[in-house]
Each structure stands twice: as C-alpha cells, then as structure tokens.
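# Close look at the chain arrangement
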Amino acid sequence: MNNVFALIDCNNFYASCERIFNPKLENKPVVVLSNNDGCVIARSEEAKKLGIKMGQPYFEIKKMAQAGLVHVASSNFGLYGDLSQRVMTTLQYFTDEIEVYSIDEAFLDLSQIKKSDLTAYGQEIRKTIKQWTGIPVSIGIGPTKTLAKAASKVGKKQKQFNGVVNFYNSSETDQLLNSIEVDDIWGVGRQYGRMLKGFGVKTAGDFKNLKPAWVQKKMTKAGLLTWRELNGESLIEQSSGLEKPKSISSSRSFRQPVKSQKELEALIASYTARTAEKLRGDEMLAGEITVYIMTNRFDRENFYANSAKIKLPSPTSYSPDLIFWSQKALSKIYLEGLSYKKAGVYLSGLSNKNCIQSNIFIDEKRDNKKERLMRCLDHLNCRFGNNTIRSAAENFWGVSFLEQHFKSPNYTTWWSDLPKVKTG
DNA sequence: TCTGGGGTCCTAGGACCC
DNA sequence: TCTGGGGTCCTAGGACCC
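In this text the structure is predicted, and so the values were computed from the model without any measurement.

## Examining the protein's contact with DNA strand C
Taken together, 14 residues form the shell around DNA strand C, and within it Asp 104, Glu 105, Lys 149, Gly 189 and Tyr 192 come nearest. Near the protein, within 4 Å, the atoms of DNA strand C are sugar or phosphate in 100% of cases. Contact between DNA strand C and Val 188: a phosphate oxygen at 3.3 Å from a main-chain N or O atom of the residue. Between Gln 191 and DNA strand C, the recorded distance is 3.3 Å, taken from a backbone N or O atom to a phosphate oxygen. Elements that contribute at least two residues to the surface near DNA strand C include exactly β5 (98-102) and α8 (190-198). A per-class count over the surface near DNA strand C returns 5 nonpolar, 4 polar and 5 charged.

This is the structure:
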C-alpha cells in the first residue's frame with residue numbers, strides 16, 4: 001500500500017499564539033524572545049520582512065521595538081503548550097493516525113483517504129484548525145515524510161496554494177522542489193547546506209538529482225536517508241509516541257553572571273530537581289548525572305566550559321540523592337573567580353523503573369519510602385504549582401534570575417497566575 | 001551592558017585485547 | 001623490547017531536529 005503523509009505545521013507558532021488574544025497584533029510585526037529576553041526565537045511574517053533574524057539578540061532590535069515598529073513578547077511557554085494541545089486535539093477529529101512531532105508540528109497518516117480528495121481534505125483541516133483554535137497552519141502532503149515537509153515549505157512561501165501543497169503524484173513536484181533552498185530540506189542543516197552550495201547544489205531539486213554514492217560519501221548515512229526519502233522511498237515511519245526519552249536535561253543562561261559557588265550550587269540543585277521530576281513523570285531511573293557550567297561563550301579569549309559526569313552507585317529518581325551527586329560533580333569543575341553565564345544538568349543512562357535488576361545492597365523498605373515521598377512531592381507541586389515544595393538546597397530566590405519584561409498573561413491557564421499556597 | 005533550551009543519532013578515534 | 005593486524009567497546013564531538 002502507498003504511504004500518504006501530511007505534515008501540519010503551525011505558521012510562526014509562538015508569534016501566532018501571542019496574536020490570538022491580542023487581535024491588535026494582526027498584520028503587525030511580532031517577535032517572541034527567549035528566556036531572559038535574550039534573543040528572537042519566533043517572528044511573524046511582517047517581522048521577517050523587517051529583516052529581523054532568528055536568534056538575533058534583543059539589544060540589536062531594541063530601538064525598533066521602542067519606536068513601536070515591532071511588537072515584542074517574552075516567551076510564555078505555558079500558553080504555547082496549551083494552544084498546541086488544542087491544535088493536536090483538533091487534528092484528532094480528522095484521524096487517529098497522528099504523530100505529534102514537536103510543539104507546532106504533527107504528521108498524519110492519510111493513506112486511508114482517496115488520492116483525489118487529498119488536497120481538499122488538507123484544506124478542510126486547515127480551515128477547521130483556524131476556526132477552532134485561531135492558529136494558521138500550512139500543510140504538506142507527500143509519499144514520504146521528507147517530501148511532506150518540503151511540500152509544507154512551499155505552502156508557506158507560495159500564497160497561491162492557500163496553505164496546502166500536495167506532492168502526491170503531482171506533475172509539478174519537481175518544479176516546486178527547485179524552488180526550495182537546499183538547506184531548507186529536512187535533514188540538511190547549516191553545515192551540509194554550506195558544503196552543498198559550495199558544490200553548486202543550491203535547491204532541493206539539485207540535491208535530489210545527485211548520485212547516491214556521492215551523497216553517502218559526503219553526508220554519511222543520514223544524508224543518504226534524506227536523499228532516498230526525497231526520491232520517494234518512504235523510510236521514516238510514523239512513531240508510536242510511546243518511546244521513552246534517552247536523556248533528560250535542564251539548563252539556563254543567566255542574565256547577570258554568577259560568580260559564587262553557593263549560588264551555582266543552588267541553581268544546579270533546582271535544575272536537578274526539575275530533571276528528576278521529569279524523570280519520575282516518565283517512570284524512569286537515571287544511571288548517570290552530568291553537570292556543566294560555562295562562562296560567556298562570546299568572550300572567546302576568557303571562555304571556560306567544563307562538565308563532570310558521575311556514574312550513580314545505583315539508578316535512581318530520588319531528588320535528594322540526585323541533588324547530592326550534582327553538588328559533588330559541580331565541586332569538581334567549579335573555578336573560583338570566573339563569571340558564569342550558563343549552567344545545566346543532564347541525566348543519562350536512563351532505564352525503566354519497573355525492569356531494574358534488583359540489587360542485594362538496596363534496602364527495599366527504604367526505597368519504597370523514598371518513592372512515596374517523591375510521589376507526594378510531585379502531587380503537591382502539580383496541585384499547587386511548581387516549587388510549592390522544594391529541597392532546601394534549591395535556589396530560594398525562585399525566578400528572580402529570569403527577566404521577562406514583555407510577557408503576555410496566561411490567557412488559557414489563568415489559575416497558574418494565582419498566588420501560591422504558602423507552606424510553612 | 002545585553003546572544004535560548006531540549007532533544008536524537010552517527011562516526012572517528014582511542015583504549016584494550018588477542 | 002619491538003613489530004603487526006584485527007576485533008570490540010566506549011566516548012567525545014559534531015551533525016541534525018524543533
């Protein structure tokens with residue numbers, strides 16, 4: 001049977017989210033900033049036309065913002081996550097065969113739809129999502145995921161398609177592939193893009209016509225996979241969504257540099273607590289913990305970055321134990337007198353909670369007690385908001401390290417803005 | 001002055017063994 | 001002590017994704 005994939009891709013997702021509850025922003029340039037209002041992570045079409053780049057630091061566009069030429073929003077991931085769920089729920093109205101690929105993208109398996117109806121079906125999906133959620137989307141349809149992705153790129157750029165491009169058996173496909181820049185292909189990033197352009201391979205069409213042996217040699221296995229997919233061979237299947245993560249991390253850049261070990265310890269403890277919470281949410285245990293710290297990476301001369309990995313004596317998801325080891329790791333790499341700009345915690349060697357080999361040295365009673373304690377903590381933090389209960393080692397200044405000057409209200413989860421319940 | 005966060009996979013090369 | 005080849009395992013780093 002023939003595969004039919006559709007990629008649903010929300011247009012400029014974060015910027016579109018900001019618009020939904022602030023209609024004055026319609027047709028105006030909008031950008032969304034990263035944590036600490038550091039740099040641009042989303043732009044509306046109008047903002048792109050102003051020449052604002054992805055990843056551009058805020059200070060470079062500050063003048064424009066202050067002159068009212070562009071609306072600036074701090075990131076509000078609570079809002080975006082909630083609107084994402086609404087989009088995904090809407091998709092379920094059309095099919096159960098959904099793979100949520102990222103916060104703003106989903107692959108649908110439409111092999112059950114009659115080939116001649118695909119484009120109309122796509123239009124119906126697009127219209128419904130806009131009506132029900134307010135989010136504009138582009139839809140690409142094709143016999144492989146890579147082609148569906150490419151089709152959605154065309155849909156974003158060429159307005160005559162009204163947001164839905166169908167590569168399935170389309171006679172125009174090759175011509176449209178020639179309109180896609182080579183580094184806009186899914187699987188071809190900056191490095192390979194530069195390399196390919198150096199060889200005169202400028203568009204997706206050029207790439208598709210390369211010799212596979214050459215692609216394999218220059219771009220190894222992954223590059224060849226992309227080439228085969230672009231040539232119509234479906235190799236990347238729908239994923240079930242039941243896969244467990246292989247690693248979990250938490251990190252932050254600081255607006256103000258951090259010098260003291262005490263402060264770093266507190267920050268590392270809170271990142272560790274966050275990773276541990278995610279870990280328990282996935283019903284997993286960690287076998288290794290890595291802590292890393294770094295100074296300002298744009299100051300090349302004085303740049304210091306280091307990390308320390310510790311193999312845990314036995315796999316665990318117990319926050320206090322993980323925090324204990326995180327502090328040990330930090331003490332191995334901390335250097336006095338430096339101004340740190342970023343720190344993070346990385347859990348790896350993950351295993352399923354229920355299929356861990358029992359270890360004769362583990363006291364089972366004590367372990368059950370730890371598990372109950374963590375369940376209780378997770379429950380309270382879920383019920384009353386994050387950080388209601390936390391380890392004394394964690395950063396008790398809370399979010400004071402975060403600067404967000406332009407944050408929109410949590411329109412859809414307003415209760416998360418209510419005052420927190422005081423606990424002792 | 002001010003530059004995001006969270007992931008996956010692949011490969012080259014070193015360590016070690018026979 | 002030196003020489004040589006082949007195999008496996010591990011890890012750091014680099015590519016990619018959103």
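## Digging into the sheet that holds strand β3 (residues 40-43)
What holds strands together in a sheet is hydrogen bonding between their backbones, with the strands either parallel or antiparallel. The sheet built from 3 strands is open, its strands ordered β3-β2-β4 with mixed pairing. Across the chains shown, the open sheet's two edge strands, defined by having one partner strand only, are β3 and β4 (71-74). Strand-to-strand twist in this sheet, taken as the mean axis angle between neighbours without regard to direction, amounts to 25°. With 4 bridges joining them, strand β2 (residues 30-33) and β4 adopt parallel strand pairing. Its bridge partner lying in β4, Leu 33 is registered against Ser 74. Against the sheet, helix α1 (residues 13-20) contacts β2, β3 and β4, and its axis sits at roughly 110° relative to β2.

## Describing the protein's contact with DNA strand B
Close to DNA strand B lie 22 residues; Ser 247, Ser 249, Ser 251, Ser 253 and Lys 341 are nearest. Per the 4 Å cut-off to the protein, sugar and phosphate atoms form 78% of the nearby atoms of DNA strand B. With respect to DNA strand B, the backbone of Lys 246 contributes an N or O atom lying 2.7 Å from a phosphate oxygen. Contact between DNA strand B and Ser 247: a phosphate oxygen at 2.7 Å from a side-chain N or O atom of the residue. Counting only elements with at least two residues in the surface near DNA strand B, the list comes to α10 (212-230), β9 (248-258) and β12 (340-348). Top contributing element to the surface near DNA strand B by residue count: β9, with 6 residues.

## Topic: the confidence of the model for chain A
Confidence in the prediction for chain A averages 91 pLDDT; 92% of positions are at 70 or higher. Segment residues 420-424 is flagged for pLDDT under 50; beyond a separation of four residues in sequence, or across chains, it makes 6 contacts in the model.

## Focus: the packing of α8 against α10
Remark: α8 packs on α10, axes separated minimally by 11 Å, with the N-to-C direction vectors making an angle of 150°. The angle between α8 and α10 falls in the class roughly antiparallel. The crossing of α8 and α10 is right-handed. Counting all contacts with α8, which are made through Tyr 192, Met 195 and Leu 196, the residues of α10 involved are Trp 214, Lys 218, Met 219 and Thr 220. Tallied by class, residues from the contact of α8 with α10 come to 5 nonpolar, 1 polar and 1 charged.

## Remarks on the pattern of salt bridges
According to the stated counting rule, one finds 18 salt bridges in the structure shown. Here Glu 233 ties to Arg 228 by a salt bridge, and the two come within 2.6 Å at their closest N and O atoms. By sharing partners, the salt bridges in this structure join Glu 283, Lys 353, Glu 371 and Arg 375 into a single network.

## Structural notes on the domain arrangement of chain A
By the assigned domains, chain A splits into domain 1 (1-161 + 413-424) and domain 2 (248-384). Computed over C-alpha atoms, the centres of domain 1 and domain 2 are 32 Å apart.

## A look at the sheet that holds strand β6 (residues 105-109)
The mixed open sheet is built from 5 strands, whose spatial order is β5-β6-β1-β7-β8. At either margin of the open sheet sits one strand with a lone partner, and together these are β5 and β8 (164-166). Direction aside, neighbouring strands of the sheet carry axes that sit 15° apart on average. Pairing of strand β1 (residues 5-10) with strand β7 (residues 137-142), which is carried by 6 bridges, proceeds in the antiparallel orientation. Residue pairing across strands places Asp 9 opposite Ser 138, the latter belonging to β7. Across the sheet, helix α6 (residues 145-157) touches β1, β5, β6, β7 and β8, and the angle it forms with β7 is around 140°.

Conventions adopted
Residues numbered from 1 in each chain as written. Chains lettered and ligands numbered in written order. Predicted model: local features only at pLDDT ≥ 70, side-chain atom pairs only at ≥ 80, totals over all residues. Heavy atoms only, no water. Near = heavy atom within 4 Å. Polar contact = N/O pair within 3.5 Å; in protein donor to acceptor, adjacent residues only side chain to side chain. Helix = DSSP H or I, 4+ residues; strand = E, 2+ residues; numbered from the N terminus. Nonpolar A, V, L, I, M, F, W, Y, C, P; charged D, E, K, R; others polar. Pairing = 2+ DSSP bridges. Axes fitted to C-alpha atoms, helices over the stretch in contact; angles between N-to-C directions. Contact = heavy atoms within 4.5 Å. pLDDT = per-residue confidence, 0-100. Parallel < 35°, antiparallel > 145°, perpendicular 65-115°, else oblique. Left-handed = near helix turned anticlockwise from the far one by under 90°. Salt bridge = Lys/Arg side-chain N within 4 Å of Asp/Glu carboxyl O. Domains from an automatic or database assignment.

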